[in-house]
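These are the residues of each chain, in order.
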Amino acid sequence: TAGNKIFHFGPCRVSMSMAEIRAGFSAIKANIQSRDPIRSLSILSHPHSLHKVKSSDRCCITHQLLSFYVDKVFRHCRTEDSFVNRKISSIANSFLSASRELGQCREQNNCVCGEESTEKFKQILANYEGLDVTSAAMKSLGELDILLDWME
Amino acid sequence: SGELYCSLPNPRNVRFESINMKNVLHWSAPEGTGDGVLYKVKYAVYGVGKWIRKPECRNINRTWCDLSSETSDYEEQYYASVKAFLNGTCSDWMETARFNPLTDTKIDPPMVSVSSTDRSISIMLTAPEKWKRSPEEESISLLQVYPGLQYNVSVLNKKTKKRWFFSISNNTLVVPWLQPGTAYCVSAQIHVPTPLLDSDFSK
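If you're wondering where the values come from, they're calculated on a predicted model, not measured in any experiment.

What counts, and at which threshold
Residues numbered from 1 in each chain as written. Chains lettered and ligands numbered in written order. Predicted model: local features only at pLDDT ≥ 70, side-chain atom pairs only at ≥ 80, totals over all residues. Heavy atoms only, no water. Helix = DSSP H or I, 4+ residues; strand = E, 2+ residues; numbered from the N terminus. Rg over C-alpha atoms; globule rule 2.2 N^0.38 Å. Buried < 20%, exposed > 50% of the residue type's maximum accessible area, 1.4 Å probe, protein only. Contact = heavy atoms within 4.5 Å. Areas by Shrake-Rupley, 256 points an atom, 1.4 Å probe, with all protein chains shown as cover. Lys, Arg positive; Asp, Glu negative; His and termini not counted. Charge placed at Lys NZ, Arg CZ, Asp CG, Glu CD. Salt bridge = Lys/Arg side-chain N within 4 Å of Asp/Glu carboxyl O. Core = buried A, V, L, I, M, F, W, Y, C linked by side-chain atoms within 4.5 Å. Pairing = 2+ DSSP bridges. Axes fitted to C-alpha atoms, helices over the stretch in contact; angles between N-to-C directions. Parallel < 35°, antiparallel > 145°, perpendicular 65-115°, else oblique. Left-handed = near helix turned anticlockwise from the far one by under 90°. Nonpolar A, V, L, I, M, F, W, Y, C, P; charged D, E, K, R; others polar. Disulfide = S-S within 2.5 Å.

*Asks:* For the overall build of chain A, give the residues involved together with the corresponding values.
*Replies:* Across its full length, chain A holds 6 helices and 2 strands. Each helix (α) and strand (β) of chain A, taken in turn from the N terminus, gives the series β-β-α-α-α-α-α-α. Scaling as 2.2 N^0.38, a compact globule of 152 residues should have a C-alpha radius of gyration of about 15 Å, and chain A matches this with 15 Å. Seen through its C-alpha atoms, chain A measures out along the principal axes to roughly 40 × 35 × 20 Å. Burial statistics for chain A: of 152 residues in total, 52% are counted as buried. Looking at chain A alone, contacts between residues at least 24 apart form 83% of all its contacts between residues at least 6 apart. For chain A, the computed accessible surface area is about 7000 Å², with 50% contributed by carbon and sulfur atoms. The centroid of the 19 positive side-chain charges in chain A is displaced by 3 Å from the centroid of its 17 negative side-chain charges.

*Asks:* Quick rundown of the pattern of salt bridges? Include the residues and the values.
*Replies:* Scanning all chains against the criterion turns up 16 salt bridges over all chains. Ionic pairing is found between A:Arg35 and A:Glu80, a salt bridge with its closest N-O pair at 2.9 Å. With A:Arg35 in the loop between helix 1 (18–34) and helix 2 (58–73) and A:Glu80 in the loop between helix 2 and helix 3 (82–109), this pair connects stretches of sequence that are 45 residues apart. We classify A:Arg35 as partly exposed; its relative accessible area is 29%. A relative accessible area of 66% means that A:Glu80 is categorised as exposed. Across the salt bridge formed by B:Glu137 and B:Arg133, the nearest N and O atoms sit 3.5 Å from each other. For B:Glu137, a relative accessible area of 30% translates into the label partly exposed. Take B:Arg133: its relative accessible area is 47%, and that puts it in the partly exposed class. Salt bridges linked by common partners bring A:Lys5, A:Arg22, A:Asp149 and A:Glu152 together as one network.

*Asks:* Could you give an account of the nonpolar core, naming the residues involved and the relevant values?
*Replies:* Grouped together as the largest cluster of nonpolar side chains are 49 residues, with contacts concentrated most on A:Met16, A:Phe95 and A:Leu147. Mapped by element, the contributors of at least two residues to this core are strand 1 (4–9), strand 2 (12–17), helix 1, helix 2, helix 3, helix 4 (115–129), helix 5 (133–142) and helix 6 (144–151) of chain A.

*Asks:* Give a description of the sheet that holds strand 2 (residues 22–28) of chain B that names residues and reports values.
*Replies:* Residue and element names in this part refer to chain B. Strands sit in the order 1-2-5 across an open sheet of 3 strands; the sheet is antiparallel. Bordering the open sheet on either side are strand 1 (12–19) and strand 5 (64–66), each of which pairs with just one other strand. Each strand of the sheet is rotated relative to its neighbour by a mean of 20°, with strand direction disregarded. Pairing analysis gives 6 bridges linking strand 1 to strand 2, with the strands arranged antiparallel.

*Asks:* Can you lay out the packing of helix 2 of chain A against helix 3 of chain A for me, pointing to particular residues and giving the numbers?
*Replies:* Residue and element names in this part refer to chain A. Where helix 2 contacts helix 3, the axes come no closer than 9 Å and their chain directions differ by 140°. When the interaxial angle is binned, helix 2 and helix 3 end up oblique. Considering only the axes of helix 2 and helix 3, their crossing is left-handed. Here Cys59, Cys60, Thr62, His63, Gln64, Leu66, Ser67, Tyr69 and Val70 of helix 2 lie close against helix 3, whose contacting residues are Phe95, Leu96, Ala98, Ser99, Leu102, Gly103 and Arg106. Of the residues assigned to the contact of helix 2 with helix 3, the class counts are 9 nonpolar, 6 polar and 1 charged.

*Asks:* Before we move on, can you summarise the state of the cysteines with the specific residues and values?
*Replies:* By the definition in use, this model includes 4 disulfides over all chains. Residue pairing for A:Cys60: its cysteine sulfur links by disulfide to A:Cys113, the two sulfurs lying 2.0 Å apart. Residues A:Cys60 and A:Cys113 share a disulfide whose torsion about the S-S bond is about 90°; that sign makes it right-handed. Of the two residues, A:Cys60 sits in helix 2 while A:Cys113 sits in the loop between helix 3 and helix 4, which places them 53 residues apart along the sequence. What pairs with B:Cys57 in a disulfide is B:Cys65, and their sulfur atoms sit 2.1 Å apart. Torsion about the S-S bond of the B:Cys57 and B:Cys65 cystine: about 95°, corresponding to right-handed handedness. With cysteine numbering restricted to those in disulfides and following the sequence, chain B has the pairing 1-4, 2-3.

Rendered as structure tokens:
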């Protein structure tokens with residue numbers, strides 16, 4: 001469909017409706033980010049930027065991040081606003097199918113999980129676990145554009 | 001921090017206005033304050049705990065501050081904040097929303113140059129450059145920033161008012177089979193599919 005993007009990670013490829021995901025996030029970005037008062041902490045981009053991950057590690061860390069959002073973020077982001085909730089679940093569905101698609105390929109092709117991506121993902125989990133679940137999930141959701149910018 | 005008791009109304013509508021990643025902080029004066037209000041500005045990289053003062057925007061009476069240099073790394077996101085002062089009192093710090101230079105900038109139309117033979121038009125398109133600190137600094141085309149960048153081109157026959165639209169990824173287009181001795185109007189727009197960014201059409 002229009003706006004679908006195919007990402008290639010070595011032997012693996014995953015298709016995501018990036019235009020749709022981006023549009024959904026843009027519609028709720030101000031709402032979600034305004035619920036995150038903590039300026040001094042980022043889940044994804046500090047202290048280590050995603051942009052420093054080696055290309056050979058992209059397959060592994062992309063799958064880890066997609067699963068992270070599915071398992072630890074979207075489910076903890078219910079709000080009192082039904083419009084926002086609908087956009088979140090639409091994005092969550094896109095992430096779920098991409099995560100499954102990449103997960104199957106990872107098993108078959110053994111995507112390399114190098115030391116760097118393992119360390120990077122550990123740091124992301126540590127940042128996440130440094131906050132209470134709802135704050136951590138809302139902050140992570142507010143950083144979705146950081147993930148999408150890096151993926152693209 | 002030696003701050004005065006702050007009873008002044010706050011600056012309003014504090015936001016970044018960005019074109020080709022020239023990122024300028026704008027705000028409106030506090031309600032009901034006439035002349036004489038001064039401002040100071042600070043900014044922060046999202047995820048890093050430090051607010052940094054902008055010396056060139058300290059005690060200024062204008063309502064904008066160019067933070068392009070401080071926000072030029074488009075892999076980062078930023079906040080900025082403004083405080084107003086008048087007659088010994090001050091306002092609160094008023095912050096922007098989180099600013100992502102990559103998705104929150106506007107893009108100028110492309111430069112269009114046209115050459116023609118008697119039956120065809122050759123159109124050359126040039127994407128604008130990212131803002132840079134000085135003319136000597138290396139130029140970065142927005143094409144490098146947005147690899148998926150495309151051009152939408154409109155060609156109008158001024159006599160028949162018939163219009164053609166083309167969507168191309170490379171920067172040249174040849175339009176054949178045109179009518180000799182006829183005026184055509186060419187206009188082009190930049191389209192970035194994701195993150196979704198569209199420029200205006202060129203004049």
